[in-house]
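Understanding the architecture of this molecule
Below are the chains, spelled out letter by letter.
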Amino acid sequence: MGRNGGHTENEGDFRTPEGEYYVVTRNDKSQYTLFFGLNYPNERDAERGRRSGLIDDAQYDKIVAAAKGGEAPPWDTDMGGWVGIHGNGEGRPDTQGCIAVPDKDILVIGKYLKIGSKVTIY
């Protein structure tokens, strides 16, 4: 998990988002063995980001549209992005916000986790 505890608030805070997400991408050629991208920020995160001034109305609308379409949200806002579950977790005490697991575990997870799979992080 991210090296700092608590729900992520902005890009670069080294925190892992908490809540209900789903898998929007899968990369079998990742430098991390296997990478499952999550739909962070989701609609709830986007509402928080808009209220706090991290994103504007246009970015909010893009995130909401991506959620409705089952697609990856914009990952280039001040809220951050590219959050996922990946391998290469051996010996890693923390990440920048992803969930890292040992390679042997991500290969097992990869047999079951599919695009659209629900992921709860707490």
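Residues numbered from 1 in each chain as written. Predicted model: local features only at pLDDT ≥ 70, side-chain atom pairs only at ≥ 80, totals over all residues. Heavy atoms only, no water.

Here's the deal with the sheet that holds strand E3 (residues 84-86)
Cut-off, in case you're wondering: In this analysis, strands are considered paired if DSSP registers two or more bridges between them. Starting at the N terminus, helices and strands are each numbered in turn, a helix being any DSSP run of H or I of at least four residues and a strand any DSSP run of E of at least two. Whether two residues touch is decided by their heavy atoms; if any such pair falls within 4.5 Å, the residues are in contact. Between the N-to-C directions of two axes lies an angle of 0 to 180 degrees, each axis being a line fitted to C-alpha atoms and, for a helix, fitted only over the stretch in contact.
Ordered by their spatial adjacency, 5 strands build an open sheet running E4-E3-E2-E1-E5, and the pairing between neighbours is mixed. The sheet is open, and its two edges are formed by strand E4 (99-100) and strand E5 (118-121), each paired on a single side. Together, strand E1 (19-27), strand E2 (35-38) and E3 form the strand contacts of helix H3 (residues 103-112), whose direction differs from that of E2 by roughly 60°.

Some words on the packing of aromatic side chains
Stated formally: Pairs were defined over the aromatic rings of Phe, Tyr and Trp, the Trp ring being its six-membered one, requiring ring centres within 6.5 Å. Orientation was assigned from the angle between planes: stacked under 30 degrees, edge-to-face over 60, tilted for the rest. Remark: exposure states derive from per-residue accessible area (1.4 Å probe, protein chains only) relative to the maximum for the residue type, with buried under 20%, exposed over 50%, and partly exposed in between. For a ring to carry a charge above it, either NZ of a lysine or CZ of an arginine must fall within 6 Å of the ring centroid while also lying within 35 degrees of the normal to the ring plane.
Throughout the structure, instances matching the rule amount to 3 aromatic pairs. Considering the side-chain rings of Tyr 21 and Tyr 40, the 6.2 Å spacing of their centres and the 65° angle between planes classify their relative orientation as edge-to-face. With Tyr 21 in strand E1 and Tyr 40 in the loop between E2 and helix H1 (43-52), the pair connects residues that are 19 residues apart, well separated along the chain. Among the residues examined, Tyr 40 registers a relative accessible area of 1% and is labelled buried. Each residue in the set Phe 35, Trp 75 and Trp 82 is aromatic and connected to the rest through ring pairs, giving one cluster. Cation over ring: Arg 50 sits above Tyr 60, and NZ or CZ is 3.6 Å from the ring centre.

Let's talk about the layout of surface pockets
Note the following rule: Space inside and on the surface of the protein is sampled on a 1 Å grid over the protein atoms alone, with a cavity defined as a set of points where a 1.4 Å probe fits but cannot get out and a pocket as an open set with protein on both sides within 12 Å along at least 5 of 7 lines; lining residues have an atom within 4 Å of a point. Grid points are joined across faces, edges and corners, and a volume is the space filled by probe spheres set on the points. Classes in brief: Ala, Val, Leu, Ile, Met, Phe, Trp, Tyr, Cys and Pro nonpolar; Asp, Glu, Lys and Arg charged; the others, Gly included, polar.
In this structure, the largest pocket occupies an estimated 500 Å³ of space. Together, 26 residues line the largest pocket, and Gly 81, Trp 82, Val 83, Gln 96 and Cys 98 are the ones closest to its centre. In terms of residue count, E1 provides more of the lining of the largest pocket than any other element does, 3 residues in total. For the lining of the largest pocket, the per-class residue count stands at 8 nonpolar, 13 polar and 5 charged.

Side note on the pattern of salt bridges
Note the cut-off: Salt bridge, as used here: a side-chain nitrogen of Lys or Arg that lies within 4 Å of a carboxyl oxygen of Asp or Glu.
This model, assessed by the stated rule, comprises 7 salt bridges. The partner of Glu 20 in a salt bridge is Lys 118, and the shortest N-O contact between them spans 3.3 Å. Here Lys 118 lies in strand E5 and Glu 20 lies in strand E1, a separation of 98 residues in the sequence. On the basis of relative accessibility, which here comes to 39%, the residue Glu 20 falls in the partly exposed class. Judged by its relative accessible area of 62%, Lys 118 falls in the exposed class. Residue Asp 105 is joined to Lys 104 by a salt bridge in which the shortest nitrogen-to-oxygen separation is 3.3 Å. Classification of Lys 104 as exposed rests on a relative accessible area of 58%. Overlapping salt bridges, with partners in common, bring together Glu 47, Arg 50, Arg 51 and Asp 57 in one network.

A word on the side chain of Asn 42
Spelled out, the test is: Any N or O atom pair separated by 3.5 Å or less is treated as a polar contact, with the protein-specific requirement of one donor-capable and one acceptor-capable atom, and with residues adjacent in sequence counted only for side-chain atom pairs.
Along the chain, Asn 42 falls in the loop between E2 and H1. For Asn 42, a relative accessible area of 8% puts it in the buried group. A polar atom in the side chain of Asn 42 sits 3.0 Å from the backbone oxygen of Glu 20. Here Asp 45 takes part through its backbone nitrogen, which lies 2.9 Å from a polar atom of the side chain of Asn 42. The contacts of Asn 42, once residues within four sequence positions are left out, are Glu 20, Tyr 21 and Ile 63.

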